[in-house]
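Structural overview for review
These are the residues of each chain, in order.
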Amino acid sequence: MVEVDIHSSTSTSDVISNLKTAIDANIRDSNRFVANGAKMDIIQSAAGDELTVNASSCLTCLQSQANPNAATGIPTGIYTIPTIDDALKNIARFDLSNIPADNNIITINGVDFEFDTNGSGVTTGDVTVNINGMTDPADVISALKTAIEAKLAEPNRFVASGRSLNIYQTSSGADIIYDVTATPLATATYTSAGATSTADSNTVANSFAFNGVSNAENGHIVPAVRFNADGTPKYFNVSSVEIEWANGAENMEETVKNGQNVDLRIDLFFGNPSTAAGLTHLAGVFAPNYINQDGAKFGSYAGVSIGSDGIVTALFNNGKSHPVAQIPVATFVNPNSMEAHTGNMWIETDGSGQPTVRTAGSGRAGTINSASLEASTVDLGTEFTNMITTQRAYSAAAKVITSADEMLDELVRIKR
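Structural notes on the packing of aromatic side chains
For any two aromatic rings, the description comes down to two numbers: the centre-to-centre distance and the angle of the planes. Applying the stated criterion across every chain, the model contains one aromatic pair. Relative to Y178, the ring of F94 lies with its centre 5.3 Å away and its plane at 65°, an arrangement referred to as edge-to-face. Here the residue F94 occupies a position in strand 5 (residues 90-96), and Y178 occupies one in strand 11 (residues 176-179), the gap between them amounting to 84 residues. Grouping residues by exposure puts F94 and Y178 together as buried.

Focus: the side chain of S352
Assignment of secondary structure puts S352 in the loop between strand 24 (345-347) and strand 25 (356-358). Overall, the relative accessible area of 1% leaves S352 in the buried class. Separated by 2.8 Å, the side chain of S352 and the backbone nitrogen of T349 make a polar contact. Dropping the residues within four chain positions of it, S352 is found in contact with F332, V333, N334, S337 and M338.

Comments concerning unusual backbone geometry
With phi around 50°, N109 is a residue other than glycine that occupies positive phi space. Relative to the helices and strands, N109 resides in the loop between strand 6 (105-108) and strand 7 (111-116). Positive phi outside glycine occurs at E154, with the angle close to 50°. Tracing the backbone shows E154 in the loop between helix 2 (137-151) and strand 9 (158-161).

Topic: the nonpolar core
Burial of nonpolar side chains together is a common tendency in soluble globular proteins. If you look at the biggest cluster of nonpolar residues, it comprises 27 residues, and the most contacted ones within it are F94, I108, F113, V129, I148 and F158. Within the residue set of this core, elements represented by two or more residues are strand 5, strand 6, strand 7, strand 8 (127-130), helix 2, strand 10 (164-167), strand 11 and strand 12 (186-192). Looking at this core, the element that brings in the most residues is helix 2, giving six residues. Excluding residues within four positions of it along the chain, I148 makes contact with I108, F113, P155, F158 and L165.

About the cut-offs
The numbering scheme is per chain: residues are counted from 1 as the chain's sequence reads. Side-chain atom pairs in this predicted model are given and counted only at pLDDT of 80 or more, local residue features only at pLDDT of at least 70, and totals for whole chains, interfaces and linings cover all residues. As a convention, hydrogens and water are excluded, and side-chain values are obtained from all of the structure's heavy atoms. Each Phe, Tyr or Trp ring, with Trp reduced to its six-membered ring, pairs with another whose centre is within 6.5 Å; inter-plane angles below 30 degrees give stacked pairs, above 60 give edge-to-face pairs, and intermediate values give tilted ones. Counting from the N terminus, the helices are DSSP H or I runs at least four residues long and the strands are E runs at least two residues long. Under the scheme applied here, a residue whose accessible area is under 20% of the maximum for its type counts as buried, over 50% as exposed, and between as partly exposed, the area being computed with a 1.4 Å probe on protein chains only. Here a polar contact is recorded for every N or O atom pair within 3.5 Å, except that within protein the pair must consist of a potential hydrogen donor and a potential acceptor, and residues adjacent in sequence are included only if both atoms are side-chain atoms. Residues are treated as being in contact if the distance between any of their heavy atoms lies within 4.5 Å. Put simply, a nonpolar core is a bunch of buried Ala, Val, Leu, Ile, Met, Phe, Trp, Tyr and Cys residues held in one set by side-chain atoms that sit within 4.5 Å of each other.

Structure, rendered in structure tokens:
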């Protein structure tokens, strides 16, 4: 367990920076981890091993809520970044487990790089690697890289990565011969064309191989597919393709769902050698003779529809549709006691009781009418007629009162 000191951190970026420092000091090939503001990017490495990240115990990490278990659907927060196929590798790596002792030596192409821990200089080596006062193996690797840059040709082949030094292939340089036997705290790993060696002295051969096949076709690299002169495939030297799926996509691999083994792998058919039944390399105008489609093309979001049961379905322009959500319907024991608010809104009261969320169309819940606009419940013609009738009745009643008043007034004048 490595402690990451974040007591003085004031932002998530500071936390990521402190985590990166701890990774550099404790994990080999730590250049795979890149501090990027408030997040940590982890990349695949040509020299690194398979890497498993467990973020399930850090709930503030968003990734801990993803990557659900295929059988239970419960988020695991555990991720695995696979190593690159060893058959495609041709790389060596030194790893330091701690600070080398004084006068320890690493030999590269006949040059002795001697570590100096007290500033006294080299005693038997060719080049001094001054590590006086250093406590972090990553700093030692950085100092070794600086010494290599000043002494060896093509120093860019040597890449410092935390407490690891990676040695890459080049198209022009010579083979690299290394020996770390005189530095007990250093371990070496060399992988080439599927074969891995952990010997402390070895040669990084300057030749590539594809899927472990080499020295064919007059010593040249064997391609994945070689074609005949007529455009038909001569042979295939690849049997599978690794696909990295984006976040949110279902991994097309063998998995377990509901207790059953499910194979979601995609079958890849290149065709048959010397026939035009699959992959071809033809020059000029061409047209496919037949298409045997067992899937759907890529589809972009085109719209949404809502059914009477409240299910929201996303529509795509390739003809496919997928349910993405469901709208519930709330019912009340006494809806007439709900309190009215402006905007045709109603809220629950003690008299109405609390809402019960139901599936649309089940129990006492009504159905949902999508793409509908509620019309007015009032007939304007009838209401205008009633208003005119009422107004006329009022006018007639006013006339009767006026006539009665005039008759009484005339009667009073006669009596006088």
